Structures are given as structure tokens and as C-alpha cells.
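# Fold and geometry: a report
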Amino acid sequence: MSTLITNIAELMTQDLEHRVLRDAAVVVEGERISWIGAAADAPPADEAVDAGGRAMLPGWVDSHSHLLFAGDRTAEFEARMAGESYAAGGIAVTMNATRATSDFDLTRLAMGRVAEAVSQGTTYLETKTGYGLDVEHEARSARIASTIADQVTYLGAHLVPAGQDPEEYTDLVCGPMLAAVRPYVQWADVFCEEGAFNAEQSRRVLMACREAGLGLRVHGNQLGEGPGVELAVELGAASVDHVNYLAAQDVKALASSWSGWDPAVGTGERGTVATCLPACDLSTRQPLASARELLDAGVQVALASNCNPGTSYTSSMAFCVTTAVLQMRLSVHEAVRAATYGGALALHKEAGRDTDGERAVGSIAVGHRADLHLLNAPSATHLAYRPGMPLTYAVWRAGVRER
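Being a predicted model, the structure only gives us computed values, none of them experimental.

## Details of helix H9 (residues 248-256)
- Those residues of H9 that sit buried are Asp 250, Val 251, Leu 254 and Ala 255. For H9, the arc enclosing every buried residue in end-on projection is 130°, short of the 170-degree limit, so these residues lie on one face. Facing away from the buried side of H9, by more than 90 degrees, are the exposed residues Ala 248, Gln 249 and Lys 252.
- Lining the buried residues of H9 we find helix H8 (228-234), strand S10 (239-242), strand S11 (273-276) and helix H11 (291-297).

The structure is reproduced here in C-alpha cells:
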């Protein structure tokens, strides 16, 4: 079954050539994109969809979320808005609520959050464990997450539960807990921050997870300058996320990790993506991550929602893009790229073979997965020009129209 989507006013491909096509069309066959180009040159298809002069972009790729949770932290948010500073300890509140929730209800809640994200244009997403924090509940979270998300990250090293010895808990994360989650996850993450895991503990976790065959990610430099970025680059992590407080050497290290990479000719290795989480920054009243400085230095940047109950209870990637344009000094094209191609790069899905399940996401190109986001606007500029407006008109996820 093939579908021709035509009369697209602006097609922002976010491909390797950064092409933006006018008066364009896209043909979808099954879950793949089979043709893109000028609407006047479009081949016939089994059915046609008139885009009505609207803009199309790749579906959002949300590379950082925490969707497996129960409970409510409204009181913590209100206190923070009244002037209290953010600290990592609120994670324990969610841990207790999540542990007390049945598998059925935890799955139902997570599925609802995925549906909310998809309705706003997100077509590929990662989510993490991290609210179980013992072997039984981390394994449960990983198992459930594997049924609702495209990729799953093990975050047993989110916080040391109250009353536990940090070194003994780190041993647990590196041993029995890792073994229990391993069948369900592709990545491992650690909250390398004061009040969570120090540099030595973080290194132990990441090394153990790498030996188990997992890719690496790091929560780093959120609450102050620290070892997170340096550790992520040293160990070849796919991304370091938050990056609110960066020293000059952190920016230099991130830029150096990309120095030999050339995706156009397929040379060099991916470096470490700097993932900015602007909704979280606003909620915690931290300084916005320096996305402009990072891009100018040659760092690959992603935008992600960080959807979680304590510091960023939103899955709106459009909000993140809007914030990046209005407050972080990115252009619309740069912000959209960070929320699509950048997220795919952070998940190692920006390139792939033209076969089911292995197709690239985050850009619109022949052979890539048909993840498409049609805006109720003539150009992507309206995402920032009309902030807060519900501009998602239609969504295709792996070739299936979801909205």
C-alpha cells in the first residue's frame, strides 16, 4: 500500500544536505519513505493525501524521557516556584509511589504518556527506568518500558535510596540489578551529580554496563560544573544530558569528540551528543543550557523533553523547540534539527539499513522510516512565531497515520 502526501508548502527534511523543499510531496510505502521531491513530479500511489499547503517535518525524536512512574509531585513544584532550590531527593517520592503501583496501572499510565507525545508529533522515543531502585522493581520497569518505548535505558543509578550505603548500592547496580534488566534495555545511564553518584561511582556503573554490552549515556552538569561531561566523552557515551554548567574544557572535550566524524562520506565515529532539556531548566530555574555556544563550537546538539513527574512534566517537543528559538538563540532550522536528527544521533538511529526495524529516523529521506509530522501552518517558523499553539495537524509513525 502506497500513500502520496502532496501539496506540502514546506518540507524540512533535516537530511544530510539540510534540504528544505517547497511545493513538495512524499510517497510512503509500508513503513518506509519511497520518494520525495517536487509535487509536480510525484509518481502515482494507491491513495493520496492533500496536505493543504501545510509544512511537514520529521517526527520528533525524544531521546530523554522518564515515563515509567506513578504519583504526583505538585507540592514539590509549588515549593520550587516559591523559591526553594531543586535537589535530587524528590526522586524518592516517585520511587515509593511507583513501587506501590500494579503492573497494569503502571503500563496504562505509561501508554497514556506515549499517546500524549505522539499526538504532539513525537514518533520515536527513549525512556528510562530509575523509579524502582531495587532489583525487582527496576527489572519490572525495564520490562514494561520495553513494551511502550522504542528504546529503553537502564537508570538504576538515579539515586541511592534512603538508608542504603552508597558503595553497596553501587555494587547492586553493577551486579544483580544490571543482570535483571539486561534483556530489556539497550542503554545505561547514571546521574553523575552531587547528591547522587560521584565520579568514581559513576565510572564503575558505566564500565560495568559497557562490559554487559550496553551503550552509555550520562546525566551530567545539571546542578553545577562537575565530572559528567568529561566522563561521558572519555568513555564514548552517546550523549551527556542536561549540560547546564559547562567549563571551557567541557565544551572543548565535546567538540573534540566530533572532530573526525563526517556522516556524508561515512567516515569517523560519532562523538558525544550534548542533549539540552529546556523544559526541565525552566521548571528547576536552572540556567538554560548553552546550546548556541555548543553548536558554534562544533558539538552535535539534541533537544529532548525529559518528561518526568518532578522537574519536567511535559512531553511537548514543540515547547522545547520554541524555547530553544526564543530563549537559547537557535534558529528554527537548528532547533527542529536538534529535536529530530539530533535526537536520532543521540540514539544511534540517524542512519540505518533499508530494512524493517533498522531504518533511520529523525530525517526525511528515501529508505528512512516514515515518521512524519504535518503542521497546521505553512512553515516550521510558526512553531516559534506562534508559541504555545497546538500546531500538530497529522502524524505518521512508521508509515501509519496516528492522527
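## Considerations on the UniProt feature "binding site: Zn(2+)" (unreviewed entry) in the protein chain
- In this structure's numbering, the residues bearing the UniProt feature "binding site: Zn(2+)" (unreviewed entry) are His 64, His 66, His 219 and Asn 306. Sequence-wise these annotated residues cover 243 residues; spatially they are packed, their C-alpha atoms never more than 12.5 Å apart.
- For His 66, the position within the fold is in the loop between strand S5 (60-62) and helix H1 (74-81).
- The contact partners of His 66, leaving out residues within four places of it in the chain, are Thr 127, Lys 128, Thr 129, Tyr 131, Leu 155, His 158, His 219, Asn 306, Cys 307 and Asn 308.
- Of note is the side chain of His 66, whose polar atom sits 3.1 Å from the side chain of His 64.
- Turning to its location among the elements, His 219 is positioned in strand S9 (residues 215-220).
- Assessed through its relative accessible area of 3%, His 219 is described here as buried.
- Apart from the residues within four sequence positions on either side, His 219 is in contact with His 64, His 66, Lys 128, Leu 155, Asp 189, Val 190, Phe 191, Cys 192, Asp 241 and His 242.
- Separated by 3.4 Å, the side chains of His 219 and His 64 make a polar contact.

## Structural notes on the side chain of Thr 122
- Here Thr 122 lies in strand S6 (residues 122-128).
- Among all residues touching Thr 122, those that are not within four sequence positions of it are Trp 60, Asp 62, Ala 117, Ser 315 and Met 317.

## As for the domain arrangement of the protein chain
- Splitting the protein chain by domain gives domain 1 (2-58 + 363-401) and domain 2 (60-346).
- For domain 1 and domain 2, the distance between their C-alpha centroids amounts to 29 Å.
- With 20 residues of domain 1 in contact, the opposing surface of domain 2 contributes 22 residues.
- Summed over both sides, the interface of domain 1 with domain 2 buries roughly 1800 Å², with 64% coming from carbon and sulfur.
- Taken together, the links from domain 1 to domain 2 amount to 1 salt bridge.
- Across the pair Asp 150 and Arg 397 runs a salt bridge, and its minimum N-O distance is 3.2 Å.
- On inspection of domain 1 and its partner domain 2, the count reaches 8 residue pairs in polar contact (both at pLDDT 80 or more).

The rules we used
- Residues numbered from 1 in each chain as written.
- Predicted model: local features only at pLDDT ≥ 70, side-chain atom pairs only at ≥ 80, totals over all residues.
- Heavy atoms only, no water.
- Buried < 20%, exposed > 50% of the residue type's maximum accessible area, 1.4 Å probe, protein only.
- Helix = DSSP H or I, 4+ residues; strand = E, 2+ residues; numbered from the N terminus.
- Arc of directions from axis to C-beta.
- Contact = heavy atoms within 4.5 Å.
- UniProt positions renumbered as here; feature names shortened; annotations may be inferred.
- Polar contact = N/O pair within 3.5 Å; in protein donor to acceptor, adjacent residues only side chain to side chain.
- Domains from an automatic or database assignment.
- Buried area = accessible area lost by both parts, 1.4 Å probe.
- Salt bridge = Lys/Arg side-chain N within 4 Å of Asp/Glu carboxyl O.

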